[in-house]
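An overview of the molecular structure
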Protein chains: 2
Amino acid sequence: MTLAAIIPAFAHRGVTSRPHPAADLLARRYGADSPLDAEALGPDQWNEVLTGLLSHKSVRAYRDAPLPEGTLETLVAAAQSAPTSSNLQAWSVVAVTDPARKARFATWAQNQAHIEQAPLFLVWLADLSRLDGLAKATVGDAAGLDYLETLIVAITDATMAAQNAVVAAESLGLGTVYIGAIRNETEAVAAELRLPPKVLPLFGLCVGYADPARPAAVKPRLPQSVVLHHERYVATGVEAATAAYDAQVRDFYAQQGIDAPAWSQTVSARVRGPAALSGRHRLRQILVDFGFPLL
Amino acid sequence: MTLAAIIPAFAHRGVTSRPHPAADLLARRYGADSPLDAEALGPDQWNEVLTGLLSHKSVRAYRDAPLPEGTLETLVAAAQSAPTSSNLQAWSVVAVTDPARKARFATWAQNQAHIEQAPLFLVWLADLSRLDGLAKATVGDAAGLDYLETLIVAITDATMAAQNAVVAAESLGLGTVYIGAIRNETEAVAAELRLPPKVLPLFGLCVGYADPARPAAVKPRLPQSVVLHHERYVATGVEAATAAYDAQVRDFYAQQGIDAPAWSQTVSARVRGPAALSGRHRLRQILVDFGFPLL
């Protein structure tokens, strides 16, 4: 028996013509403009973890099925294993499973029904409250927390943790989707979760089993030429790349029977002005009210 | 032949007494206070991805060995496969390999020699510049970018992308460490990389092969009881948990022959006041100068 027969991922190297698992995933992300020749990737250059990462899709339809015992703790262990700036661990997470509470979150997030459907809704918090109590008790002052810099530390800490939880969940066969729209109603969310001062609810995360009747798809991304710079930032070629990406996204939605506007139209409308921010243009003042002076 | 004999991870369920791979990892993170009974985890509750995530360690010593061709593009493909808010893709990354440039970054980051050692230094950018050009060309306005909310979107986008790259790198046998200290010298970094307005260099990331002569270790984290909340935020038990964690971190460093201060002392000193922020207390003004009005 050959190695290729034992390891299907590399069977294409033998007599069969099975494509490399990266080929389809790269095509879905980048269309014809793949940054890598999948067929040239050796066994030390591709693995199941990469297949999992590139297979990510946001799941917005869930089965009515509970999570196995211990899943939450496993996701949080993965999250806590993420890097954290200076080991400050400036984040927390609230696990919401109560149906009535999930329903309120769904309402606040512009009626996203998947928040109610998913058995678990995680609210990730940029949390300077714990450090505030600790530093005041230990050294009598915590004024470093008042700076925008330290809020950024808490946001990146919380986001690295959450993204590890996403990767962990997907490895367990679960689907996820981030819900940034909880920031549309930041005060209501903070009151619901009884957050102390110096805690920002950053985003939610639905976790559950994807409904096979309403499957999600791997979404195309901008070509690497636009996102990846070498040695210095060079902003050439953005217009042509965007036009090509617009066409790719149009095809993506057309395949799902959706007549969507071009990506450049959608994102431009999204950042056109404060009215398009769904209430989040108020976030600066809310943060000040929450005990982040943003110095 | 039994399944346990074929799959070593679950051999403990047979006649042998091999511990579950999660047991050691959970003990390293949580000491005696593990949130999960590793021996009770079935094959559908643990996998190689979770083993990888929980094995994360920050690598601050690298071998002088180049990365295989295509590694950078693979890491960026993983990064672009991460979720992004409203598909805005508000991030970019600069790949730095030039030794002289890496040396300058090392100097700016308080002489962290591993920046020079690592063959690849990635600078992750919260990037609203691309959307600025696009929205002005498409709808004639991009005023939504001027709000703190949209900076937070760019920061979380960049961080999710970067964390996927970390997971991808580790799956390929590479080590990484984030370098937040590039924000100590944000203006110098932006000038070096010729960043346009509305781009914040968020953090660096060293990528390379760990030096086996100077191995890194899995670092303990706070108990889950402090970080994970159920339904509502409850801040009880933090003091006792912190004291236990202080002892655990002291043991961790003692095992490496390091006489470190208690964690609560270290982090309290880190947030005590602006003087401890290594220049980053100026970040708010720098962001304004960089074209982020932070409305």
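Computed from a predicted model, the values in this text were never measured in an experiment.

Now for the interface of chain B and chain A. Each partner contributes residues to the interface: chain B has 118 residues there, and chain A has 118 residues. Across the chain B/chain A interface, buried area totals approximately 10,400 Å², and carbon plus sulfur atoms make up 61% of it. Contact with chain A buries area across many residues of chain B, yet E231, R232 and Y233 of chain B alone supply 8% of it, more than any other trio. Our count for the chain B to chain A interface comes out at 6 salt bridges. When the shortest N-O distance is used, the salt bridge between E231 of chain B and R101 of chain A registers 2.8 Å.

With that out of the way, let us pick up unusual backbone geometry. The phi torsion of most residues other than glycine is negative, and most of the peptide bonds are trans. Although it is not a glycine, S86 of chain A sits at a positive phi angle of roughly 55°. Positionally, S86 of chain A belongs in the loop between α4 (71-80) and β1 (91-96). Of the residues examined, S86 of chain A reaches a relative accessible area of 40% and is grouped as partly exposed. Despite not being glycine, Q110 of chain B has its phi angle at roughly 55°, a positive value. Tracing the backbone shows Q110 of chain B in the loop between α5 (99-108) and α6 (114-117). Residue classification places Q110 of chain B among the exposed residues on the basis of a relative accessible area of 52%.

The next point concerns the packing of aromatic side chains. All names here are of chain A. Tallying each qualifying case throughout the model produces 12 aromatic pairs over all chains. Taking 5.7 Å as the distance between ring centres and 40° as the angle between the ring planes, the aromatic pair formed by W91 and W124 counts as tilted. Placement of W91 in strand β1 and of W124 in strand β2 (residues 120-127) is noted, with a sequence separation of 33 residues between them. W124 carries the same exposure label as W91, and that label is buried. Arranged with centres 5.2 Å apart and planes meeting at 55°, the rings of F105 and F121 form a pair that is tilted. Of this pair, F105 sits in helix α5 (residues 99-108) while F121 sits in strand β2, and the two are 16 residues apart along the sequence. On the basis of relative accessible area, F121 is assigned to the buried category, the value being 0%.

Turning next to the domain arrangement of chain A. We note that the domain assignment places domain 1 (71-216) and domain 2 (219-274) within chain A. Relative to domain 2 of chain A, the C-alpha centre of domain 1 of chain A lies at a distance of 28 Å.

Residues and elements named next belong to chain B. Here helix α8 (residues 148-171) spans 35 Å end to end across 24 residues, near enough to the 34 Å set by a 1.5 Å rise per residue. For α8, the tally of buried residues reaches 22 of 24 residues, placing the bulk of the element in the interior. G173 sits one or two residues past α8 and shows a positive phi near 85°.

Turning next to the sheet that holds strand β2 (residues 120-127) of chain B. Across the sheet, which stays open at both edges, the 5 strands sit in the order β5(A)-β1(B)-β2(B)-β4(B)-β3(B) with mixed pairing between neighbours. Strands with a single pairing partner mark the edges of an open sheet, and in this sheet they are β5 (228-230) of chain A together with β3 (175-179) of chain B. With direction set aside, neighbouring strand axes in the sheet form an average angle of 25°.

This paragraph deals with the relation of the copies chain B and chain A. Relative to chain A, chain B is turned by 180° and slid 0.0 Å along the rotation axis, the superposed coordinates differing by an RMSD of 0.0 Å. Interpreted geometrically, this transformation is the action of a two-fold axis. A symmetric contact is evident, with 100% of the interface residues of chain B recurring at the interface of chain A.

Here we take up the pattern of salt bridges. Within this structure, the stated rule accounts for 20 salt bridges over all chains. Residue R183 of chain B pairs with E149 of chain A through a salt bridge whose shortest N-O separation is 2.8 Å. Within this pair, whereas R183 of chain B is found in the loop between β3 and α9 (186-192), its partner E149 of chain A is found in helix α8 (residues 148-171), the two belonging to separate chains. In this structure E149 of chain A comes out as buried when scored by relative accessible area, which is 1%. The network of salt bridges with common partners includes R101, R104 and E192 of chain A together with E231 of chain B.

Residues and elements named next belong to chain A. Taken as a whole, chain A shows an average pLDDT of 94; of its residues, 94% reach a score of 70 or greater. Scored below 50 in pLDDT, residues 1-15 shows 20 contacts in the model against residues more than four places distant or in partner chains. Our summary of model confidence lists the complex with pTM equal to 0.95 and ipTM equal to 0.95.

This part is about empty space enclosed by the protein. Scanning the model with the defined rule gives 1 cavity of 30 Å³ or more in all. Forming the walls of the largest cavity are S81, A82, P83 and N164 of chain A together with L53, H56, Q163, V166, V167 and E170 of chain B. Among the elements that take part in the lining of the largest cavity, α8 of chain B stands out by supplying 4 residues, more than any other. Looking at the lining of the largest cavity residue by residue, the classes come out as 5 nonpolar, 4 polar and 1 charged.

With that out of the way, let us pick up the UniProt feature "domain: Nitroreductase" (unreviewed entry) in chain A. Following the UniProt record, one finds the feature "domain: Nitroreductase" (unreviewed entry) at residues 55-209 of chain A. Taken end to end, residues 55-209 of chain A comprises 43% helix and 19% strand; its first and last C-alpha atoms sit 15 Å apart.

Of all 5 residues making up β3 of chain B, 5 are buried, and the element is well covered by its neighbours. Burial of β3 of chain B is two-sided: the residues G175, V177 and I179 of chain B facing one way and the residues T176 and Y178 of chain B facing the other way are all buried.

A separate point is the nonpolar core. F105, W124 and L200 of chain A together with F105, W124 and L200 of chain B are the most contacted members of the largest nonpolar core, which has 196 residues in total. Among all residues touching L200 of chain B, those that are not within four sequence positions of it are I152 of chain A together with W124, L125, A126, L151, I155, T186, L283, L287 and F292 of chain B.

Turning to the packing of helix α7 (residues 129-139) of chain A against helix α12 (residues 263-271) of chain B, a few remarks are in order. Running from N to C, α7 of chain A and α12 of chain B cross one another at 100°; their axes reach a closest spacing of 9 Å. In terms of their interaxial angle, α7 of chain A and α12 of chain B are classed as roughly perpendicular. Residues L131, L134, A135, T138 and V139 of chain A of α7 of chain A pack against W263, S264, Q265, V267, S268 and V271 of chain B of α12 of chain B. In terms of residue class, the contact of α7 of chain A with α12 of chain B is built from 7 nonpolar, 4 polar and no charged.

Residue and element names in this part refer to chain B. Interaxial distance between helix α4 (residues 71-80) and α8 falls to 7 Å at its minimum, and their mutual angle equals 135°. Taken together, the axes of α4 and α8 are oblique relative to one another. Both α4 and α8 take part in a crossing whose hand is right-handed. Counting all contacts with α4, which are made through L75, A78 and A79, the residues of α8 involved are A161, N164, A165, A168 and A169. The residue inventory of the contact of α4 with α8, partitioned by class, reads 7 nonpolar, 1 polar and no charged.

Definitions and limits used
- Residues numbered from 1 in each chain as written.
- Chains lettered and ligands numbered in written order.
- Predicted model: local features only at pLDDT ≥ 70, side-chain atom pairs only at ≥ 80, totals over all residues.
- Heavy atoms only, no water.
- Contact = heavy atoms within 4.5 Å.
- Buried area = accessible area lost by both parts, 1.4 Å probe.
- Salt bridge = Lys/Arg side-chain N within 4 Å of Asp/Glu carboxyl O.
- Helix = DSSP H or I, 4+ residues; strand = E, 2+ residues; numbered from the N terminus.
- Buried < 20%, exposed > 50% of the residue type's maximum accessible area, 1.4 Å probe, protein only.
- Phe/Tyr/Trp six-rings, centres within 6.5 Å; stacked < 30°, edge-to-face > 60°.
- Domains from an automatic or database assignment.
- Expected span 1.5 Å × (residues − 1).
- Pairing = 2+ DSSP bridges.
- Axes fitted to C-alpha atoms, helices over the stretch in contact; angles between N-to-C directions.
- Least-squares fit on C-alpha atoms with pLDDT ≥ 70 in both.
- pLDDT = per-residue confidence, 0-100.
- 1 Å grid on protein atoms, 1.4 Å probe; cavity = no way out; pocket = protein on both sides within 12 Å on 5 of 7 lines; lining within 4 Å.
- Points joined across faces, edges and corners; volume = space filled by probe spheres on them.
- Nonpolar A, V, L, I, M, F, W, Y, C, P; charged D, E, K, R; others polar.
- UniProt positions renumbered as here; feature names shortened; annotations may be inferred.
- Core = buried A, V, L, I, M, F, W, Y, C linked by side-chain atoms within 4.5 Å.
- Parallel < 35°, antiparallel > 145°, perpendicular 65-115°, else oblique.
- Left-handed = near helix turned anticlockwise from the far one by under 90°.

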